[in-house]
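Tertiary structure, described
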Amino acid sequence: MMQSRQSAEDQGETSMQQVRSTAPGDRTGHGHAHAKSILLGEHAVVYGTPAIAVPLHALDLTVTVHSRADEQIRIRSELYDGSAEEAPQRLHPLVTAVHTALALTSGSPMGLDLEVVSRIPYERGLGSSAAVAAAIARAIADLTGTDLDGEAVHDVVMAAETIAHGRSSGLDGRAVASDAPILFQGGVTTAVPVGGRFVFVLADSGHAGSTAEAVGAVRELRATFPTRVDGLIGRLGAIVEESRSLFASGDRVALGALMDEAQALLVELEVSDATLDRLVEAARAAGALGAKLTGGGRGGCILALAPDVESAADLQHSLRAAGATRTWQTTVETA
Ligand code: MEV
């Protein structure tokens, strides 16, 4: 179970009143999704090894859609305010999600005012693009009165993620849709039994990271040094397997050591950077049991395992003193 669940729904609805059209038979739909953090296994998971991810309930977003009298699709978000047709490239995954969700729900073309109110930082490896797509699918299903199941929502997310990240494992889409930690491998999701309390601190390097670029860089490295890179990928997958019994037994010290080893392998995969390395070192110096980047890397966030709940706030403070622009806490514990 994760802590700090909140909702931004009220805020989204108030603001939506300002953009609604005057169509007769006005309809409104809401969709919600949260961020995720990958504990272990990022990048290697693209090649079929397992990964473990947890939901970040405190970082969430709401999409509100309102039917229009015409067939225009208009978007309002922190990143853009205008028509879907003229949206910049970074909004293309969102526009793809809208069209895919409409194709799965409304049989005929329809116009929408769509608003995203988000607390998920963009381009920080926390799954914001997958969360937007999942919330869009849910909002359009709500508006059209369609019963979209989890697989259909995932199809919408994957259509958007393919535009956003190129080749994607599908992990982000599953992680933002799950309320509990998941183990993901080859498209299949299973539960992760947790037998203790693990308090993690996330720290934002302040630099945007492009998952598509990082995934592309690993692919190129693998094409150049196949044996070495396959060895790194294999060990990252084995670490995830080893971590399962540590989650089950509540062994924080051993889990922290595996996080440190994973970070060393991710450095060899060339997806860390100087700022992430510095924050990882600062976390360890401040007493973290282990620390590593989380998500695509090359910018984005690190994840550190605190010794206990009492020391997590001090760890956050130390990471901010070391240059982190924002920090968060999340707890994984027995449900
Ligand atoms: C991105 O959050 C996770 C990566 O493993 C890419 C993917 O799984 O598609 C880097």
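Residues numbered from 1 in each chain as written. Predicted model: local features only at pLDDT ≥ 70, side-chain atom pairs only at ≥ 80, totals over all residues. Heavy atoms only, no water.

Labelled according to an unreviewed UniProt entry, the protein chain appears under the name Mevalonate kinase, originating from Brachybacterium endophyticum. Recorded in UniProt under Pathway (unreviewed entry), the annotation for the protein chain is "Isoprenoid biosynthesis; isopentenyl diphosphate biosynthesis via mevalonate pathway; isopentenyl diphosphate from (R)-mevalonate: step 1/3." (UniProt positions renumbered as here; feature names shortened; annotations may be inferred.)

What follows is about the side chain of E333. The residue E333 is located in strand β11 (residues 326–333) in this model. Take E333: its relative accessible area is 18%, and that puts it in the buried class. Among the polar contacts listed, one links the side chain of E333 to the side chain of R197, at a separation of 3.0 Å. (Helix = DSSP H or I, 4+ residues; strand = E, 2+ residues; numbered from the N terminus. Buried < 20%, exposed > 50% of the residue type's maximum accessible area, 1.4 Å probe, protein only. Polar contact = N/O pair within 3.5 Å; in protein donor to acceptor, adjacent residues only side chain to side chain.)

Glancing now at the site of the ligand. Taken together, 13 residues sit near the ligand, with K36, H43, S168, S169 and D172 positioned nearest. Between K36 and the ligand, the recorded distance is 2.8 Å, taken from a side-chain N or O atom to an oxygen atom. Residue D172 places a side-chain N or O atom 2.9 Å away from an oxygen atom belonging to the ligand. Along the lines of polarity and charge, the residues of the shell around the ligand split into 4 nonpolar, 6 polar and 3 charged. (Near = heavy atom within 4 Å. Nonpolar A, V, L, I, M, F, W, Y, C, P; charged D, E, K, R; others polar.)

Of the two faces of strand β3 (residues 73–76), only one is covered, namely that formed by I73 and I75; the face formed by R74 and R76 stays uncovered. Bridging between β3 and strand β4 (residues 81–83) involves 3 bridges; their strand directions are antiparallel. In the sheet register, I75 faces β4, and the bridge partner there is G82. The hairpin turn running from β3 into β4, its antiparallel successor, is 4 residues long. (Pairing = 2+ DSSP bridges.)

Put simply, helix α2 (residues 92–105) and helix α4 (residues 150–165) touch, their axes get as near as 8 Å, and they point 150 degrees apart. With respect to their mutual orientation, α2 and α4 come out roughly antiparallel. The two elements α2 and α4 meet at a crossing, and its hand is right-handed. Across the interface between the two elements, H92, P93, T96, A97, T100, A101 and L104 from α2 touch A152, V156, A159, A160, I163 and A164 from α4. In terms of residue class, the contact of α2 with α4 is made up of 10 nonpolar, 3 polar and no charged. (Axes fitted to C-alpha atoms, helices over the stretch in contact; angles between N-to-C directions. Parallel < 35°, antiparallel > 145°, perpendicular 65-115°, else oblique. Left-handed = near helix turned anticlockwise from the far one by under 90°. Contact = heavy atoms within 4.5 Å.)

Moving on to the UniProt feature "domain: GHMP kinase C-terminal" (unreviewed entry) in the protein chain. In the numbering used here, UniProt assigns the feature "domain: GHMP kinase C-terminal" (unreviewed entry) to residues 245–323. End C-alpha atoms of residues 245–323 are separated by 34 Å, and the span's content is 59% helix alongside 13% strand.

This part covers the environment of D26. Topologically, D26 is positioned in the loop between α1 (9–16) and β1 (28–40). A relative accessible area of 32% places D26 in the partly exposed class. As for D26 and R68, which are separated by 42 residues in sequence, their C-alpha atoms are 7.3 Å apart. For D26, the side chain forms a polar contact with the side chain of H66, separated by 3.4 Å.

Here we come to the confidence of the model for the protein chain. Looking at the protein chain, the pLDDT average stands at 91 and 93% of residues meet or exceed 70. Below a pLDDT of 50 lies the segment residues 1–24, which in the model reaches 60 contacts outside its immediate sequence neighbourhood of four places, other chains included. (pLDDT = per-residue confidence, 0-100.)

The next point concerns the pattern of salt bridges. Going through the model one piece at a time under the given rule, you end up with 18 salt bridges. Linking R76 and D81 is a salt bridge whose minimum nitrogen-to-oxygen distance equals 3.8 Å. In this structure, R197 and E333 form a salt bridge, with 3.0 Å as the shortest nitrogen-oxygen distance. Remark: E333 occurs in strand β11 and R197 occurs in strand β8 (residues 197–204); sequence separation between them is 136 residues. For R197, a relative accessible area of 36% gives the class partly exposed. It is possible to trace a salt-bridge network through shared partners that takes in R68, D70 and D113. (Salt bridge = Lys/Arg side-chain N within 4 Å of Asp/Glu carboxyl O.)

End to end, helix α3 (residues 128–144) covers 24 Å across 17 residues, agreeing with the expected 24 Å (1.5 Å per residue, within 8%). Across the 17 residues of α3, 14 count as buried, placing the element largely inside the fold. Once α3 ends, the next one or two residues include G145, with phi positive near 70 degrees. (Expected span 1.5 Å × (residues − 1).)

A positive phi angle is found at E123, which is not glycine, with a value near 55 degrees. In this model, E270 sits at a positive phi of 65 degrees, which is unusual for a non-glycine residue. Turning to its location among the elements, E270 is positioned in the loop between α8 (252–268) and α9 (274–285). On the basis of relative accessible area, E270 is assigned to the partly exposed category, the value being 41%.

Before going further, it helps to examine the environment of V229. By the element assignment, V229 lies in helix α7 (residues 226–249). V229 sits in the buried class, given a relative accessible area of 0%. Counting along the chain gives 36 residues from V229 to L265, while the straight-line C-alpha distance between them is 9.6 Å. Not counting residues up to four positions away in its chain, the partners in contact with V229 are L221, R222 and L269.

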